[in-house]
Amino acid sequence: MRCQIVKEKKRNKEKSITLSRRNFIKATTLAAGALGVAGSIGAYRPGMAKSGETSNRLPITMAGYNLDRTRALFDGRVEVDGCDFQIEEQGIGDLNTHVFSGPQTLDVTEIGLHPFMLAYANEGFRDYSLLPIYPIRVFRHKSIFIRTDRGIRGPEDLRGRKVATPGFSSTSLTWLRGIMKHEYGVSPEAIKWFVSSKDSSAEAAGKVSKQESMVPKGLSVSQGPEGKDESDMLESGEVDALFHAAEPRAYIEGHPKVARLFPDFRKTERAYFRKTGIFPIMHAVAIRNTIVEQNPWLPKAVFNAYSQAKQIMYDQLKKMGWATISLPWAAQEIEETRALMGENFWPYGIEPNRKALEALFQYSYEQDLCSRELTIEEVFHPASLELSENKK
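Figured I'd write up the structure that's included with this text. Small disclaimer: the values here were computed from a predicted structure and weren't measured.

So, the pattern of salt bridges
And step 1. Applying the stated criterion to the full structure yields 27 salt bridges.
And step 2. Two residues, Glu235 and Arg249, come together in a salt bridge whose shortest N-O distance is 3.1 Å. In this pair, Glu235 is assigned in helix α8 (residues 230–236) and Arg249 in helix α9 (residues 249–252), connecting sequence segments 14 residues apart.
And step 3. Residue Glu235 is classed as partly exposed on the basis of its relative accessible area of 24%.

Some remarks on unusual backbone geometry
And step 1. Not every positive phi belongs to a glycine, and Gln104 is a case in point at roughly 55 degrees.
And step 2. By relative accessible area, Gln104 is classed as partly exposed at 21%.
And step 3. With a phi angle near 60 degrees, Asp368 is a residue other than glycine that sits in the positive phi range.
And step 4. Among the structural elements, Asp368 can be located in the loop between α14 (354–366) and α15 (376–379).

Section: the environment of Glu386
And step 1. Along the chain, Glu386 turns up in the segment after α15.
And step 2. When the C-alpha positions of Glu386 and Gly349 are compared, they lie 7.6 Å apart, and in sequence the two are 37 residues distant.

Brief notes about the sheet that holds strand β6 (residues 144–147)
Backbone hydrogen bonds are what pair the strands of a sheet, in a parallel or an antiparallel way.
And step 1. With respect to topology, six strands assemble into an open sheet ordered β9-β8-β7-β10-β6-β11, the strand pairing being mixed. If you trace the sheet from one side to the other, it starts and ends with β9 (221–223) and β11 (258–260), each paired once. Averaged over all pairs of adjacent strands, the angle between their axes in this sheet comes to 30 degrees, without regard to strand direction.
And step 2. Inspection of the sheet shows β6 paired to strand β10 (residues 241–243) by three bridges, in the antiparallel sense. When the sheet's bridge partners are listed, Ile144 is paired in β10 with Phe243.

Remarks on the nonpolar core
And step 1. Counting residues in hydrophobic clusters, the biggest one holds 99 residues, and the most contacted among them are Val80 and Trp175.
And step 2. Of all the elements, helix α12 (residues 298–324) adds the most residues to this core, at ten residues.
And step 3. Trp175 has contacts with Arg140, Tyr272, Ile278, Pro280, Ile281, Met282, Ala356, Ala359, Leu360 and Tyr363, leaving out every residue within four places of it along the chain.

Observations regarding the packing of aromatic side chains
And step 1. All chains considered together, the criterion is met by 16 aromatic pairs.
And step 2. Here Phe116 and Tyr120 contribute two aromatic rings whose centre-to-centre distance is 6.4 Å and whose plane-to-plane angle is 25 degrees, an arrangement assigned as stacked. Placement of both Phe116 and Tyr120 in helix α5 (residues 113–123) is noted, with a separation of four residues, approximately one turn of the helix.
And step 3. The exposure class of Phe116 is buried, given its relative accessible area of 0%.
And step 4. Ring centres of Tyr184 and Phe262 lie 5.7 Å apart, and the angle between their planes is 40 degrees; this geometry places the pair in the tilted category.

Some details on the environment of Lys310
And step 1. Its place among the elements puts Lys310 in helix α12.
And step 2. Residues Lys310 and Pro347 lie 37 residues apart in sequence; the distance between their C-alpha atoms is 9.3 Å.
And step 3. The residues contacting Lys310, other than those within four sequence positions of it, are Arg69, Asn344, Trp346, Pro347, Tyr348 and Glu389.
And step 4. A distance of 2.9 Å separates a polar atom in the side chain of Lys310 from a polar atom in the side chain of Asn344.

What to know about the side chain of Gln367
And step 1. Considering the arrangement of structural elements, one finds Gln367 in the loop between α14 and α15.
And step 2. For Gln367, a relative accessible area of 8% translates into the label buried.
And step 3. A polar atom in the side chain of Gln367 sits 2.7 Å from the side chain of Arg177.
And step 4. Leaving out residues up to four positions away in the same chain, Gln367 has contacts with Thr174, Arg177, Gly178, Pro188 and Pro216.

Focus on the pairing of strand β12 (residues 283–288)
The two faces of a sheet get side chains in turn, since along a regular strand they alternate between them.
And step 1. When you tally the buried positions in β12, you get six out of six residues, the bulk of the element.
And step 2. Of the two faces of β12, the one carrying His283, Val285 and Ile287 and the one carrying Ala284, Ala286 and Arg288 are both buried.
And step 3. Where strand β4 (residues 108–112) lies against β12, five bridges are found, and the strand directions are antiparallel. Note on β12: the bridge partner recorded for Gly112 is His283.
And step 4. Relative to β12, strand β5 (residues 128–131) runs antiparallel, the two being bridged by four bridges. When the bridges of β12 are listed, Tyr128 appears paired with Arg288.

Rules behind the numbers
- Residues numbered from 1 in each chain as written.
- Predicted model: local features only at pLDDT ≥ 70, side-chain atom pairs only at ≥ 80, totals over all residues.
- Heavy atoms only, no water.
- Salt bridge = Lys/Arg side-chain N within 4 Å of Asp/Glu carboxyl O.
- Helix = DSSP H or I, 4+ residues; strand = E, 2+ residues; numbered from the N terminus.
- Buried < 20%, exposed > 50% of the residue type's maximum accessible area, 1.4 Å probe, protein only.
- Pairing = 2+ DSSP bridges.
- Axes fitted to C-alpha atoms, helices over the stretch in contact; angles between N-to-C directions.
- Core = buried A, V, L, I, M, F, W, Y, C linked by side-chain atoms within 4.5 Å.
- Contact = heavy atoms within 4.5 Å.
- Phe/Tyr/Trp six-rings, centres within 6.5 Å; stacked < 30°, edge-to-face > 60°.
- Polar contact = N/O pair within 3.5 Å; in protein donor to acceptor, adjacent residues only side chain to side chain.

What follows is the structure, given as structure tokens:
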């Protein structure tokens, strides 16, 4: 194998926190049923050309989360054809900052989809293009939390309410506001927004990029009290609800007056998919444009590698998912997911995801975040527009 795994070593507490979002995603992915595969990051060293040897393969650097669907890239079971590659495990906030305002040493990297959209539309960012690979996607109905003593029984009851958010323009929050408007008729203008000065999940979620902290004009958006996180505000009664990508502290600790807006969110999210065909996308993969100019074959090679790694995950779920996932009814969940969403329930490519992509483009423009409504053809690299997977 011609790949080297790199795990950045942090020398102080501050730096370790910057990568903690990685640990959070890893933990929540495992809890949600991600497949465990033996092998520790940093210890594995697939074979590289030995010192003094030459290789005509293209050296590239890659980064992202080590998930069940990407793990075969991290442990060397899958190669990128024609490449000698290093792959680093890093958090999304750091990756966003690295690409949009940092050294840009990564050739291929996981990226926040909406932060990329904002950089492209509002800042003229053109150094990277997207590939239709989506490492993280999440149904978002589960991400609304309420006080149970405020008479909130459904989404329509959020009109006129005070809702706190940590940040404002992340991919997850943009999806949430769009879903509330288009599925339930509750527009962002109907809510009084409060952006908390702290985030109760900060230690787990890590720092965010500036593209995730944009607040549009024309809405009722206030800054929360200094020193209070969104859970403090909900517990004290200063707000009626929260939109939060992660489980906030108030919910994790079991506050007696805090609950999800949709208690049976699995049922609600399955109905949403059945109606819309949308599986919301949070992250994509970006590629540096200059390297593609010199190596026009690279987007296809990268796409195929990610797709192959995902196929290994599918195969393992089918064969041993019931044994390797620490949930009693994992087998039934896998079977029901395939029955509803198809064998390739986590599809890459443009066409299977066109509705989801265009929905987020629409939501961002409607919410006065992106300065214009983007198109698939401009943000995805031209060489990737026709890429597709064989599995249906």
